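Notes for the structure review
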Amino acid sequence: MYKVIGSPKSRTLRVLWALEELDLDYEHVSAAPRSPDVVALNPTGKVPVLVAENTPITDSTAILAFLADRHGGLTFPAGSLERARQDSLTQFLLDEFDAALWMAARHSFILPEELRESAIKKSLKWEFEQSQKVLTSRMADGPFLMGDTMTVPDILLTHCGIWAQVARFSIVEPQLSDYLGRMMQRPALQRVMGLGKAASG
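Now for a look at the structure at hand. Fair warning: this is a prediction, and the values are worked out from it, not measured in the lab.

**Some points on unusual backbone geometry**
Cis rather than trans, the peptide bond between Val47 and Pro48 has omega equal to 5°. Residue position: Pro48 is located in the loop between α2 (36–39) and β3 (49–52).

Set out below in structure tokens:
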């Protein structure tokens, strides 16, 4: 059994969702960043942390890749051309979507108040919208980013879409909006989002 440490209202949602999609057993410990439970396993204090065979694994993308490779789901085989495209999409989403949203969060509530620059969010929102145009040109026909197969980038992109709603970053591409609407209805994601509501209630 895996142990997942972190709040569902963070990137921990990605890991919990993957575990649900893969139908794997896990224990979830909802913990805030930099809390004692987290720092004991990850000195940076960041979540999520996945504990597998008494070994902590950090960084949500690394955890997703580990789970997908180990259990043969949400991924194409290593060394295949499909996997190369999958990894390319993963890096694109991290660089263009996740990074913009994270920078906005840093200047909203993470950095010391005297270091926050509210004006930077205007440029980040512009970049976010430009990145959507590039992404839609790379989306395959089918329900998922790569066509008929759900992969790690689907989890990353959908989580960024959820994050964008909270941060008031607009989804301007209809194709992307339709995609996010479908993905957010997946039963596995709905179960995880229910965890978040229970934790906040």
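**Regarding the sheet that holds strand β4 (residues 55–58)**
Here four strands make up an open sheet; going across it, the order is β2-β1-β3-β4 and the pairing mixed. Edge positions in the open sheet fall to β2 (26–29) and β4, since each of these has one partner strand only. Taken pair by pair, the neighbouring strands of this sheet meet at an average axis angle of 25°, ignoring direction. Relative to β3, strand β1 (residues 2–5) runs antiparallel, the two sharing three bridges. In the strand pairing of β3, Val4 is matched with Leu50.

**Here we look at the nonpolar core**
Counting 53 residues, the largest nonpolar core has Trp17, Leu67, Phe97 and Leu135 as its most contacted members. When near neighbours in sequence (up to four residues on either side) are disregarded, Leu135 contacts Leu89, Phe92, Leu93, Phe97, Leu145, Leu157 and Leu176. Within the second largest apolar cluster, six residues are counted, among which are Val38, Val47, Val49 and Val51.

**A short note on the pairing of β3**
Alternating residues of β3 divide into Val49 and Val51 and Leu50 and Ala52, and every residue in both groups is buried. Between the end of β3 and the start of β4, which pair antiparallel, lie two residues, with Glu53 showing a positive phi angle near 50°.

**Details of the packing of aromatic side chains**
Within the structure shown, the criterion is met by four aromatic pairs. By the ring-pair criterion, three or more aromatic residues cluster together here, those being Phe92, Phe97, Phe128 and Phe169. Sitting above the plane of the Trp102 ring, Arg11 keeps its charged end 5.0 Å from the centroid. Here the guanidinium or amino end of Arg138 rests over the ring plane of Phe92, the centre of that ring lying 5.4 Å away.

**Remarks on the environment of Ser60**
Looking at where Ser60 falls in the secondary structure, it is placed in helix α3 (residues 60–71). Residue Ser60 is classed as buried on the basis of its relative accessible area of 5%. Taking C-alpha positions, Ser60 is 9.2 Å from Leu156, a pair spaced 96 residues apart along the chain. Every residue in contact with Ser60, bar those within four places of it in the chain, is listed here: Arg11, Arg14, Val15 and Pro48.

**Describing the packing of helix α4 (residues 81–110) against helix α5 (residues 120–138)**
Working note: a packed helix pair is described by the angle between its axes plus the distance between those axes. At a minimum axis distance of 10 Å, the contact between α4 and α5 shows a crossing angle of 165°. Classified by the angle between their axes, α4 and α5 sit roughly antiparallel to one another. Crossing angle aside, the handedness with which α4 passes α5 is left-handed. Residues of the contact of α4 with α5, tallied by class, amount to 13 nonpolar, five polar and four charged.

**Focus on helix α6 (residues 152–167)**
For α6, with 16 residues, the first-to-last C-alpha span of 23 Å sits near the 22 Å given by 1.5 Å per residue. Among the 16 residues of α6, 13 are classified as buried, and the element is accordingly described as predominantly covered. Once α6 ends, the next one or two residues include Arg168, with phi positive near 65°.

**As for the environment of Ser88**
Structurally, Ser88 can be placed in helix α4. The class of Ser88 is partly exposed, set by a relative accessible area of 34%. Considering only alpha carbons, one finds Ser88 and Met1, 87 residues apart in sequence, at a separation of 30 Å.

Basis of the calculations
- Residues numbered from 1 in each chain as written.
- Predicted model: local features only at pLDDT ≥ 70, side-chain atom pairs only at ≥ 80, totals over all residues.
- Heavy atoms only, no water.
- Helix = DSSP H or I, 4+ residues; strand = E, 2+ residues; numbered from the N terminus.
- Pairing = 2+ DSSP bridges.
- Axes fitted to C-alpha atoms, helices over the stretch in contact; angles between N-to-C directions.
- Core = buried A, V, L, I, M, F, W, Y, C linked by side-chain atoms within 4.5 Å.
- Buried < 20%, exposed > 50% of the residue type's maximum accessible area, 1.4 Å probe, protein only.
- Contact = heavy atoms within 4.5 Å.
- Phe/Tyr/Trp six-rings, centres within 6.5 Å; stacked < 30°, edge-to-face > 60°.
- Lys NZ or Arg CZ within 6 Å of the ring centre and 35° of its normal.
- Parallel < 35°, antiparallel > 145°, perpendicular 65-115°, else oblique.
- Left-handed = near helix turned anticlockwise from the far one by under 90°.
- Nonpolar A, V, L, I, M, F, W, Y, C, P; charged D, E, K, R; others polar.
- Expected span 1.5 Å × (residues − 1).

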